[in-house]
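Breakdown of the fold
Residues per chain are reported as follows:
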Amino acid sequence: MARMNYYQMLGVSRDASDEEIKKAYRKLVFEHHPDRNPHKTDSEARIREINVAYEIIGDPEKRRSYDRLSWGDEPRAASADPELILNEIEQKLFDEGRKEMFAIMMQNVARVKDELKIIRAQTIQAQGYDSFFEPVVHTRASDIMGDLVTDEMESRKHRLVEVATEMLVSQGVVKKGDEREIRSLRSRLEESSQKGRVHGVASALELFYERR
């Protein structure tokens, strides 16, 4: 099963304007509507595909999230394995969280140094000597996440996770309408983002760590 490219499904380029996408959607709905094509057995399926594509890239916020989750600098070849698609999306969410938190920590070096003092004391207490002890670092990073993450950041993360979930459901990674599986998928994606955030904080701390 190839990954769906919503731009291709609507017959527009990735740099198409919102108005161009809307016009393309309306044209396709008019052309493929089952009432106009009673002789075509696939017209209903085609309309569903068109609606799914427009639901994502016809919404500016969802479109930005879709673009961030789908591509780097250039479009890539489609993946055939749903598990590979899921793993790739998880990695993108992880990377988004990591880069976001790393940038925030690097803007507050004083906080980084204060946290390293706390981590150093906890590490010595845990193992008897100073080192960059990842279990302590990651625990501390998780503990302070609430101080670092703003409401805007949390909203952006939720949008990314929701768009990723919709993309993966449309790809058949989980069955559409299976709410239990969809909730499980959403939780898995949330966890990937959270792990990325923790690693982003840890990476900034490691950059300034000096053993004493």
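The paragraphs below set out a description of the structure included in this document. This one's a predicted model, so the numbers in the text were calculated from it and none came from an experiment.

Let us now look at the layout of surface pockets. Of the pockets and cavities examined, the largest pocket occupies roughly 360 Å³. If you trace the largest pocket, you find 17 residues lining it, with V52, E166, V169, S170 and K176 closest to the centre. Among the elements of the structure, α3 (43-57), α9 (151-170) and α10 (179-208) are those that each provide at least two residues to the lining of the largest pocket. Tallied by class, the residues present in the lining of the largest pocket amount to eight nonpolar, two polar and seven charged.

Within a pair of aromatic rings, the relevant descriptors are the distance that separates the centres and the angle that separates the planes. This model, assessed by the stated rule, comprises four aromatic pairs. Ring centres 4.0 Å apart and planes at 10° place the aromatic pair Y25 and Y54 in the stacked group. Of this pair, Y25 sits in helix α2 (residues 18-32) while Y54 is found in helix α3, placing the two residues 29 residues apart along the sequence. Overall, the relative accessible area of 19% leaves Y25 in the buried class. Considering the side-chain rings of F132 and Y209, the 5.5 Å spacing of their centres and the 55° angle between planes classify their relative orientation as tilted. Placement of the pair is F132 in the loop between α6 (109-127) and α7 (134-143) and Y209 in the segment after α10, with a sequence separation of 77 residues. A network of ring pairs unites the aromatic residues Y6, Y7 and Y66 as a single cluster.

A separate point is the pattern of salt bridges. A pair can form between side chains of opposite charge whenever their charged atoms are brought close. Evaluation of the coordinates by the stated rule reveals 23 salt bridges. Here E49 and R46 are joined by a salt bridge, their closest N and O atoms 3.8 Å apart. With E49 and R46 both in helix α3 and three residues apart, this pair spans about one turn of that helix. Taking the relative accessible area as the measure of exposure, E49 reaches 35% and is therefore partly exposed. Taking the relative accessible area as the measure of exposure, R46 reaches 22% and is therefore partly exposed. The partner of R186 in a salt bridge is E162, and the shortest N-O contact between them spans 2.7 Å.

What follows deals with the nonpolar core. Core analysis: the biggest nonpolar cluster contains 32 residues, and I57 and L189 have the highest contact counts within it. Listed by contribution, the elements that provide at least two residues to this core are α1 (6-10), α2, α3, α4 (60-70), α5 (82-106), α9 and α10. The dominant element in this core, judged by the number of residues it contributes, is α9, at seven residues. Leave out the neighbours within four places in its chain, and L189 touches L86, I89, E90, L93, V161, A164, T165 and L168. Counting 20 residues, the second largest nonpolar core, distinct from the first, contains V136, A141, V201 and A202.

Cut-offs applied
- Residues numbered from 1 in each chain as written.
- Predicted model: local features only at pLDDT ≥ 70, side-chain atom pairs only at ≥ 80, totals over all residues.
- Heavy atoms only, no water.
- 1 Å grid on protein atoms, 1.4 Å probe; cavity = no way out; pocket = protein on both sides within 12 Å on 5 of 7 lines; lining within 4 Å.
- Points joined across faces, edges and corners; volume = space filled by probe spheres on them.
- Helix = DSSP H or I, 4+ residues; strand = E, 2+ residues; numbered from the N terminus.
- Nonpolar A, V, L, I, M, F, W, Y, C, P; charged D, E, K, R; others polar.
- Phe/Tyr/Trp six-rings, centres within 6.5 Å; stacked < 30°, edge-to-face > 60°.
- Buried < 20%, exposed > 50% of the residue type's maximum accessible area, 1.4 Å probe, protein only.
- Salt bridge = Lys/Arg side-chain N within 4 Å of Asp/Glu carboxyl O.
- Core = buried A, V, L, I, M, F, W, Y, C linked by side-chain atoms within 4.5 Å.
- Contact = heavy atoms within 4.5 Å.

All quantities given are derived from atomic positions and should not be read as evidence of function.
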